[in-house]
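Structural description and commentary
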Amino acid sequence: MKIIRVFLGLVFFLLCLSFLPQDILPQTLDESRAKEFINSLISNKQDISNYVLPSELEISNLLGIKYKDVKFKFLIGNDIDDNIKSEILKSGLKYNVSLNNQDDVYSILEFSIPEKNYIKKYYFRNGFMISRIFYFTKEWKRIESAHFVYIVSDSSLINNYAINAVEKFFSNVCDVLQIDKRSLEKNKIRYVLCRDQDEIEKITGYKSLGMCDLAYDCVLSTFPCHYHELSHLLINYKLQNISLFTNPFLQEGFAVAMGGRGGREPYIIHNVGFFLAKSGFIDYKDLLNRQKFIGEDATISYPLSGLYNLFLIKTIGIDKYLVLYKKYSTDNSGINQSEINLTDLPSENSWNEFINDRFTPQGTFPAVNDEFENTILKTGNIIIGESQDFYKIGIKDTAFLKEENPQPGYFCTRFKELFPQKNYSGEKYAFVADSKEILIYNLYTNNLIADYTPSFSIPPVEIKSINGYYVFNITKNVFGKELNGLIVSR
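Notes on the structure follow. (Residues numbered from 1 in each chain as written. Predicted model: local features only at pLDDT ≥ 70, side-chain atom pairs only at ≥ 80, totals over all residues. Heavy atoms only, no water.)

**Examining helix α9 (residues 227-239)**
With 13 residues, α9 extends 18 Å between its outermost C-alpha atoms, agreeing within 8% with the 18 Å of an ideal straight helix rising 1.5 Å per residue. Among all positions in α9, only Y227, H228, E229, L230, S231, H232, L233, L234, I235, N236, Y237 and L239 are buried. Just downstream of α9, Q240 is the residue with a positive phi angle, here 65 degrees. (Helix = DSSP H or I, 4+ residues; strand = E, 2+ residues; numbered from the N terminus. Expected span 1.5 Å × (residues − 1). Buried < 20%, exposed > 50% of the residue type's maximum accessible area, 1.4 Å probe, protein only.)

**Thoughts on the sheet that holds strand β21 (residues 447-452)**
Read from one edge of the open sheet, 5 strands run β21-β20-β19-β18-β24, paired in antiparallel fashion. The open sheet is flanked by β21 and β24 (487-488), the only strands paired with a single partner. With 5 bridges connecting them, strand β20 (residues 438-442) and β21 associate as antiparallel partners. Residue pairing for β21: L439 is matched across the bridge by D451. (Pairing = 2+ DSSP bridges.)

**Topic: the packing of aromatic side chains**
Summed over all chains, the structure comprises 39 aromatic pairs. Taking the centre distance of 5.4 Å and the plane angle of 65 degrees together, the rings of Y161 and Y444 count as edge-to-face. Of this pair, Y161 sits in helix α6 (residues 160-177) while Y444 is found in the loop between β20 and β21, placing the two residues 283 residues apart along the sequence. Given a relative accessible area of 0%, Y444 falls into the buried group. Centroid distance Y284 to Y308: 4.4 Å. Interplanar angle 20 degrees. Geometry classified as stacked. Here the residue Y284 occupies a position in the loop between α11 (266-279) and α12 (290-295), and Y308 occupies one in helix α13 (residues 298-316), the gap between them amounting to 24 residues. Residue Y284 shares its accessibility class with Y308, and that shared class is buried. Among the aromatic residues, ring-to-ring pairing joins Y161, F400, Y410, F411, F415, F419, Y424 and Y444 into one connected group. (Phe/Tyr/Trp six-rings, centres within 6.5 Å; stacked < 30°, edge-to-face > 60°.)

**With respect to the side chain of S305**
Structurally, S305 is set in helix α13. Among the polar contacts listed, one links the side chain of S305 to the backbone oxygen of S301, at a separation of 2.8 Å. With near-sequence residues (within four places) excluded, S305 lies in contact with F249, E252, G253 and F293. (Polar contact = N/O pair within 3.5 Å; in protein donor to acceptor, adjacent residues only side chain to side chain. Contact = heavy atoms within 4.5 Å.)

**Brief notes about the nonpolar core**
Of all hydrophobic cores here, the largest spans 136 residues; its most connected members are F37, Y122, Y321, W351, I393, F431 and F479. No other element matches α6, which puts 10 residues into this core. (Core = buried A, V, L, I, M, F, W, Y, C linked by side-chain atoms within 4.5 Å.)

**Some words on the sheet that holds strand β3 (residues 106-113)**
Read across the sheet, 4 strands follow the order β2-β3-β4-β5 without closing on themselves; strand pairing throughout is antiparallel. Taken across any chain shown, the strands that pair with only one partner, and hence form the sheet edges, are β2 (96-101) and β5 (128-130). Ignoring strand direction, the axes of neighbouring strands in this sheet form an average angle of 35 degrees. Sheet analysis places β3 next to strand β4 (residues 118-125), joined by 8 bridges and oriented antiparallel. Directly across from S107, in β4, lies its bridge partner F124. Those strands touched by helix α2 (residues 31-43) are β2, β3, β4 and β5, and its axis lies near 50 degrees from that of β3. (Axes fitted to C-alpha atoms, helices over the stretch in contact; angles between N-to-C directions.)

The following block contains the structure:
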């Protein structure tokens, strides 16, 4: 009787296993399946979705974004190069496949061609392919907001202020693009926050400050508020079905127009674009050709294209702008020849009217005297006065402001980068000034929120030291909230 009970128990256990999803059954990738996977990649003849972990396929398709002429979205950026495939099929190019089982669950498959110094790595869980993101962040912490899931290597890298700032930016861009925000309450955007560029490189294979992963529709960044990369993702979400490549004057221009660049607020980059346009340093028409755009330094091409795309959106409206964006999106075979036709753009007079009359630079302006009305804070190192629209600030060199109750458990990596000899103790704003430049950082978002350099301003106004203080005016909206109530950090 006991033997029968044991037998029935074993049968019941096996039946339960048969109903479990395949992606949670413990198994390693064997050599036969590894070779089948590589052969399927090379041949391009069959659907390889059955090699992918089902939950990973679901994540790749979660936001509904599709790219024309892309057979397998989950392979974007990680497929074997088409020229390599062709050489293998036509010329018998030799390659190696090696398998490294990390444990009973995870495996790493390496495809290599030594003579070409070519290597591709694929990661597997229970015999099914997973993304590098899944593999390297599987033990990271998850933090959710209304529309985002943050995946962080260290929870001290993020704070509620930054999370709310991203939500506010997200809401603003959704309003511009006319996206129903409710559609992203259930299927939330994933935001992978890395400690540094080394962590990004480990996950993506590329060292960068941040990027938008098209295969799995997520933002990876070293900044808690990387608006630029989020802008890339949101316009793709709006369009849903788009070609993989877009002329960079529009693609990068839109991301700069909405989100600035990594670590710098949008209006700061717009101001640089304004200087470039007004000074005649470069003409936007010189950037309409893709090859010329990528051949120009990004510190020039990005700001000017960002300002011009802001002009486009404000001038022709978002509907016509999206039509233009799609028109200059194409597959890999056509992107190198991409050039925006001037007849598709507003008149030169309209652009000149925008930069001469309609666009007003935001941010910081040197003051001409040391009179402080309505002083709200004064110490030996910083003075702040307040008017209806501006703060008047004087600092001797470097000053820090903090809240009485700083963001708990947060550590600012930007602070450590900027001030390696100092200890971070919850500071919210950092002010740095001398005769050449005025800089203000929001240390909760890690973003530069104000930058004034006389040589990049029209007209250039010298930064003067008045009674030992570098004095300047700054628009209140730069700080988001009132400076009243903040205290000086020593």
